[in-house]
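Inside the fold
Single-letter residue listing:
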Amino acid sequence: MPPPGPCGELESAQKRSFPYGLHVIMDTVYHQLARHLDNLPGGFPPTDSGVELRILQRLFTPQDAALALKLTVIPETPRVVARRSGLTVTAAAERLEAMAAKGLIFRMTGKNGRPTYMAAQFVVGIWEFQVNRLTPDLIRDMEEYIPHLLKTAWKRPQLRTIPVNRSIQPELPVMTYERAEALLNSHQVFAVSPCICRRERSLMEQGCERSEETCLSFGTAAEYMVANRIGRFIDRSEVLSILRLADKEGLVVQPGNARAANFICLCCGCCCGVLRTLRTYPRPAEMVASAFLASVDPAYCEGCGVCLKRCQVEALTMTTDSVALAPGRCIGCGLCVTTCPTGALTLRRKPADRQPRIPHNAVTAALAHGRARGKLGLGELIQLQLGSTLDRLQTLK
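Residues numbered from 1 in each chain as written. Predicted model: local features only at pLDDT ≥ 70, side-chain atom pairs only at ≥ 80, totals over all residues. Heavy atoms only, no water.

**Looking at the overall build of the chain**
Note the threshold: Secondary structure is summarised from DSSP: a helix means a run of H or I of at least four residues, a strand means a run of E of at least two, and numbering begins at the N terminus for each. Each radius of gyration is computed over the set of C-alpha atoms, and the globule rule expresses the reference value as 2.2 Å times the number of residues to the power 0.38. Note on exposure labels: buried denotes an accessible area under 20% of the residue type's maximum, exposed denotes more than 50%, and partly exposed covers the range between, all computed with a 1.4 Å probe on protein chains only. By the convention used here, residues are in contact when the closest approach between their heavy atoms is within 4.5 Å. Residue-level accessible areas treat just the shown protein chains as cover; the underlying method is Shrake-Rupley with a 1.4 Å probe. By the counting scheme adopted, Arg and Lys are positive, Glu and Asp are negative, and His together with the chain ends is not counted. Throughout, a charge is located at the NZ atom of Lys, the CZ atom of Arg, the CG atom of Asp or the CD atom of Glu.
A tally of regular secondary structure across the chain gives 15 helices and 13 strands. In terms of C-alpha radius of gyration, the chain reaches 22 Å, essentially the compact-globule figure of 21 Å for 397 residues. When its C-alpha atoms are laid out on the principal axes, the chain stretches across 75 × 45 × 35 Å. When each of the 397 residues of the chain is scored for burial, the buried share is 51%. In the chain, 70% of the contacts between residues at least 6 apart in sequence involve partners at least 24 apart. On the chain, roughly 18300 Å² of surface is accessible, and the fraction owed to carbon and sulfur atoms is 54%. Averaging the positions of the 48 positive and the 36 negative side-chain charges in the chain gives two centres separated by 4 Å.

Right, dumping it as structure tokens:
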């Protein structure tokens with residue numbers, strides 16, 4: 001079978017038919033892109049049905065897919081990518097910017113005002129950037145694919161669960177990075193954007209009544225969301241207001257799995273793809289990064305049942321005269337605690353040997369996730385950096 005041609009052209013090849021009138025060129029650019037994305041920390045594992053290829057075909061033109069193959073986890077200028085892809089610098093710059101605008105790759109703007117571009121992983125990444133480009137067919141394919149992705153590729157969580165603020169009692173030992181408000185302290189730029197999960201479910205007429213504009217991002221992530229017209233800039237006071245809204249509406253606070261997280265998701269169990277998948281597990285607590293666990297004192301429980309509606313992972317059930325907690329299902333979000341009228345529910349810290357190890361920042365978190373999947377080892381990173389440096393030096397000649 002002939003290999004793909006240069007960026008912008010594809011050689012003719014045998015086609016594989018899929019439902020809904022789609023086909024994917026066998027063993028060429030979409031297969032290569034799928035493997036390329038699967039080698040990134042977040043993963044993009046293959047399926048028997050080929051749904052992941054349908055998704056790529058809906059998002060990427062063949063030319064976009066071919067150019068995406070030339071990007072790595074190292075931010076690079078259009079000049080470097082142009083040399084690698086055989087395009088002119090002008091053509092590369094135009095096409096990279098167009099792809100970034102579609103949420104297919106990630107763009108960063110340096111202090112000199114010049115953009116650099118890098119590969120974006122599929123989740124968390126490309127998928128979330130499609131919140132304004134959703135179609136019924138794309139939603140249907142993602143509904144099929146997300147459970148497979150999470151069960152296959154998430155060898156360690158990309159998100160962690162931290163308690164809503166009012167559930168943290170003075171006597172509860174809490175690290176700074178386990179408080180949502182404290183995560184804001186190292187940032188000056190904030191943005192909010194629509195939750196793709198609630199928008200997706202709403203478009204399917206299966207949504208809930210919770211607020212949609214709740215996804216928070218900070219720093220360069222916030223700048224990207226606003227530049228791509230996905231979100232809007234907000235100030236610190238509005239961030240704090242949205243975090244209070246999470247408690248009011250029963251949303252689980254899930255920042256990126258890093259101490260210096262650059263985003264926070266506010267998730268409900270009825271719409272969130274991650275929580276909906278976790279609910280299918282017998283012991284969701286073992287699949288999340290959380291330092292906390294709820295505790296019930298039956299002597300104080302009046303059996304009002306408010307907490308049953310607040311729990312997003314079905315960790316609580318009602319017995320004859322009080323609520324019962326399944327520790328293997330509790331993810332330590334604290335939502336049940338803040339509305340318990342008698343104080344029967346409290347949070348406690350898990351034993352030291354069950355505390356999750358939280359990477360320092362988004363970069364180290366991605367590397368840890370990659371290592372857990374056997375991807376992006378030290379040798380591979382050195383090769384990527386060396387190749388990028390050589391390409392950059394070649395552009396100076």
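**Some words on helix 14 (residues 362-372)**
Heads up, the condition is: Here a polar contact is recorded for every N or O atom pair within 3.5 Å, except that within protein the pair must consist of a potential hydrogen donor and a potential acceptor, and residues adjacent in sequence are included only if both atoms are side-chain atoms.
Where helix 14 is concerned, the buried positions are Ala365, Ala368, His369 and Gly370. Turning to helix 14, the residues buried within the fold contact helix 7 (136-153). Capping of helix 14 at its N-terminal end is provided by asparagine 361; its side-chain oxygen lies 3.1 Å from the backbone amide nitrogen of valine 363. With its phi angle positive at about 75°, glycine 374 sits one or two positions after the end of helix 14.

**Focus: unusual backbone geometry**
A cis amide bond links valine 123 with the next residue in sequence, valine 124, at an omega value of -10°. By secondary structure assignment, the location of valine 124 is in helix 6 (residues 122-126). Of note, the phi angle at glutamate 205 is positive, near 60°, even though the residue is not glycine. Tracing the backbone shows glutamate 205 in the loop between helix 8 (196-203) and strand 6 (213-218).

**Quick word on the sheet that holds strand 6**
For the record, the criterion: Pairs of strands are assigned from DSSP output, requiring at least two bridges between the strands. Throughout, an axis means a line fitted to C-alpha atoms (over the contacting stretch in the case of helices), and angles, computed between N-to-C directions, take values from 0 to 180 degrees.
Here five strands make up an open sheet; going across it, the order is 7-5-6-9-8 and the pairing antiparallel. The open sheet is flanked by strand 7 (232-234) and strand 8 (252-255), the only strands paired with a single partner. Averaged over neighbouring strand pairs, the angle between their axes works out to 30° when direction is ignored. Relative to strand 9 (residues 263-267), strand 6 runs antiparallel, the two sharing two bridges. Along strand 9, the bridge assignment pairs leucine 216 with isoleucine 264. Packed onto the sheet, helix 9 (residues 219-227) meets strand 5 (190-194), strand 6 and strand 7 and runs at close to 125° relative to strand 6.

**So, the nonpolar core**
In plain terms, the rule: Nonpolar cores were defined as sets of buried Ala, Val, Leu, Ile, Met, Phe, Trp, Tyr and Cys residues, with membership established by side-chain atoms within 4.5 Å.
Judged by nonpolar contacts, the single largest core of 113 residues is most densely connected at Phe60, Phe122, Leu216 and Ile264. Residue contributions to this core peak at eight residues, all from helix 7. With near-sequence residues (within four places) excluded, leucine 216 lies in contact with Ala191, Val192, Ile234, Val239, Ile242, Leu243, Phe263 and Ile264.

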